Amino acid sequence: MVFSSDCTDPKLRDLRAFLPKYFGTWSPPGCTDDLYLKLEDVTRKFNKPCIMDVKIGQKSYDPYASAEKIHQQVSKYPLMEEIGFLVLGMRVYHVDSDSYETENQHYGRSLSKETVKEGISKFFGNDCSLRKDAVSACLLKVKLILNWFEHQDTLSFYASSLLFVYDGSCPPKNTDLVDGKLLEKSVFSKELFTDVEVPECNNNINLLSSVSSRKGEEHEEKLSRVCASHKKTCPKRPHSQAFLEGETVEQDRAWKSQNSSAPEHLNGNLLSKLENVFCHISTESRENSQVDVRMIDFAHVFPSDEKDAGYIYGLKNLIAVLQSILNE
């Protein structure tokens, strides 16, 4: 229904962005009774894909499940109704050993309310560091999915999952020394931003040039390098993404405030502020190219006349956990 060429339902069409692409059905030669879906391999674009499957919702059984089935599902993870999601498994790439660590469904079922944050954090660790860039990008994508659910009241999902994927290989970086601080600049392939509008640096350098002291001139030169790095690596984010992230909105306001400041207020502090803005945008552009979150497993989807409260509950709790990890 979602990928049908004659699909006219705007909500179903919007759902396409969150599902693996559908390429029809397939049967093995000589086995016409065995019918399979042909779906996009979401991991194929990643060099070292780290994968996590998280079941979403307060109930993993559908409205027509038998009492036996309900008991079976509830007994597997009694906290499902309270937490709203369950880690079904993960595979994490470790840079130092060039190997993968795998956890199965028993790992997820062993997580309690007190340890679930630590359990999900493990997915974003690579033995070198916590990949907060991946956490941030996944958080944004889950918020987009939540937005879809909060604006539809025709479908309910049971025992469905989110598939998280990020590239476990370390992003290539080089560094510049600015004001005694290391400024990391991600190295991107030109193909990534072929059709992307690059934001200008406005008049920051001109404003800084009004500071006649030698220190001001030094900051101007340093800021030029920051802007050059920014213009090479940082695409402008769509407004549809920005409205979902209050932190970004606040940064946009701060950016406008900085640009409208009188020249006498533009000193060395501005440079560090702009460094933070540029580094943040650079990180986000890297995240979007190296992270994916898709909805998978739709064996139990039913028509509804109200919002899918169980799925929304699970998404919000998962978002809270991801945000908490990001704030560490």
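Residues numbered from 1 in each chain as written. Predicted model: local features only at pLDDT ≥ 70, side-chain atom pairs only at ≥ 80, totals over all residues. Heavy atoms only, no water.

Basically, it comes down to this: UniProt positions are given in the numbering used here, feature names are shortened, and annotations may be inferred rather than shown by experiment.
An unreviewed UniProt entry annotates the chain as Kinase originating from Staurois parvus. The chain has a UniProt comment under Sequence similarities (unreviewed entry) that states "Belongs to the inositol phosphokinase (IPK) family."

Regarding the overall build of the chain
Stated precisely, the cut-off is as follows: Secondary structure elements are defined from DSSP: runs of H or I of at least 4 residues count as helices, runs of E of at least 2 residues count as strands, and each element is numbered from the N terminus. Each residue is assigned to one of three classes by its accessible area relative to the maximum for its type, calculated with a 1.4 Å probe on protein chains only: buried under 20%, partly exposed between the two thresholds, exposed over 50%. Should any heavy atoms of two residues lie within 4.5 Å, those residues are considered in contact. We get accessible surface area from the Shrake-Rupley algorithm with a probe of 1.4 Å; when it comes to residues, only the shown protein chains can shield them.
When you go through the chain residue by residue, the secondary structure sums to 12 helices and 11 strands. When the 328 residues of the chain are sorted by exposure, 44% land in the buried category. For the chain, the share of sequence-separated contacts (at least 6 apart) that also reach a separation of at least 24 residues comes to 75%. When the accessible surface of the chain is split by element, carbon and sulfur atoms take 50% of a total near 17900 Å².

Things to note about the nonpolar core
This is how the line gets drawn: Residues enter a nonpolar core if they are buried and are Ala, Val, Leu, Ile, Met, Phe, Trp, Tyr or Cys, with the set joined through side-chain atoms within 4.5 Å.
Membership of the largest hydrophobic core comes to 52 residues, with the highest contact counts inside it found for I120, L162, F164 and M295. Counting residues per element, this core draws most heavily on helix α6 (residues 132–150), which supplies 10 residues. Filtering out sequence-adjacent residues up to four positions away, F164 remains in contact with C50, I51, M52, V54, F123, C138, V142, D292, V293, L318 and L322. Core analysis: the second largest hydrophobic core is formed by five residues, F46, L163, V165 and I296 among them.

With respect to the packing of α6 against helix α12 (residues 309–326)
Rule in force here: Only C-alpha atoms enter the line fits that serve as axes; for helices the fit covers just the stretch in contact. Angles between N-to-C directions range over 0 to 180 degrees. Orientation labels follow simple angle bins: below 35 degrees gives roughly parallel, above 145 gives roughly antiparallel, 65 to 115 gives roughly perpendicular, and whatever is left gives oblique. Take the far helix as the reference: if the near one is turned anticlockwise from it by less than a right angle, the crossing is left-handed, and if turned clockwise, right-handed. For this classification, Asp, Glu, Lys and Arg are treated as charged, while Ala, Val, Leu, Ile, Met, Phe, Trp, Tyr, Cys and Pro are nonpolar and the rest, including Gly, are polar.
Contact geometry of α6 with α12 gives a least axis separation of 10 Å together with a crossing angle of 160 degrees. Put simply, α6 runs roughly antiparallel to α12. At the point where α6 passes α12, the crossing takes the left-handed sense. Contacts from K132, V135, S136, L139, V142, K143, I145, L146, F149 and E150 in α6 reach Y311, I312, L315, K316, I319, L322, Q323, I325 and L326 in α12. When its residues are assigned to classes, the contact of α6 with α12 shows 13 nonpolar, two polar and four charged.

Description of the sheet that holds strand β7 (residues 160–167)
What counts is decided by this rule: The pairing criterion is simple: DSSP has to find at least two bridges between the two strands.
With respect to topology, five strands assemble into an open sheet ordered β5-β4-β3-β7-β10, the strand pairing being antiparallel. The sheet terminates laterally at β5 (99–103) and β10 (291–296), the two strands that pair on one side only. Shown here is a sheet whose adjacent strand axes are inclined to one another by a mean of 15 degrees, direction ignored. Lying on the sheet, α6 is in contact with β7 and β10; it crosses β10 at an angle near 35 degrees.

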